[in-house]
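One-letter residues, chain by chain:
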Amino acid sequence: MKRHVHSVCEDIFRNLCDDLGEGTTSTRCVMIRQHLRNCKNCTDLVQRLQKTIELYRHYPTPKMPLKNRQNLFRILKIRPR
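The structure contained in this document is the topic of the report that follows. (Residues numbered from 1 in each chain as written. Predicted model: local features only at pLDDT ≥ 70, side-chain atom pairs only at ≥ 80, totals over all residues. Heavy atoms only, no water.)

1. Points about the overall build of the protein chain
At step 1: For the protein chain, the count of helices and strands is four helices and zero strands.
At step 2: Counted from the first residue to the last, the protein chain has its helices and strands arranged as α-α-α-α.
At step 3: Split into buried and exposed, the 81 residues of the protein chain put 7% on the buried side.
At step 4: Of the roughly 7700 Å² of accessible surface on the protein chain, 57% is carried by carbon and sulfur atoms. (Helix = DSSP H or I, 4+ residues; strand = E, 2+ residues; numbered from the N terminus. Buried < 20%, exposed > 50% of the residue type's maximum accessible area, 1.4 Å probe, protein only. Areas by Shrake-Rupley, 256 points an atom, 1.4 Å probe, with all protein chains shown as cover.)

Here you go:
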């Protein structure tokens, strides 16, 4: 398993607070930081998300038949490009 890198946690924390429109010292962000430090489930989730992103960046986009692609977009309710 990959070693946990705390600088990555700090980046995620800053981005999360930015997305919430809050400063990193706001009450809400302080509570989030405390939770993230003590919650193994959240730590595990972040690590899995990082691994998923790494895999998506590493491997090429798979080819999909047009009919399947259209069905997928219909189910997800998004417009194809």
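2. Description of the pattern of salt bridges
Any two side chains of opposite charge can pair, so long as their charged atoms come close to each other.
At step 1: The tally for this structure, following the rule as stated, stands at two salt bridges.
At step 2: Across the pair Asp44 and Lys40 runs a salt bridge whose closest N-O atoms are separated by 3.2 Å. Linking Asp44 with Lys40, this pair stays in helix H3 (residues 40-58), spanning four residues, or about one helical turn.
At step 3: Asp44 sits in the partly exposed class, given a relative accessible area of 22%.
At step 4: Given a relative accessible area of 60%, Lys40 falls into the exposed group.
At step 5: Note that Glu54 and Lys51 form a salt bridge whose closest N and O atoms lie 3.6 Å from each other. Remark: Lys51 and Glu54 occur in helix H3; sequence separation between them is three residues, near one turn of the helix.
At step 6: Among the residues examined, Glu54 registers a relative accessible area of 35% and is labelled partly exposed. (Salt bridge = Lys/Arg side-chain N within 4 Å of Asp/Glu carboxyl O.)

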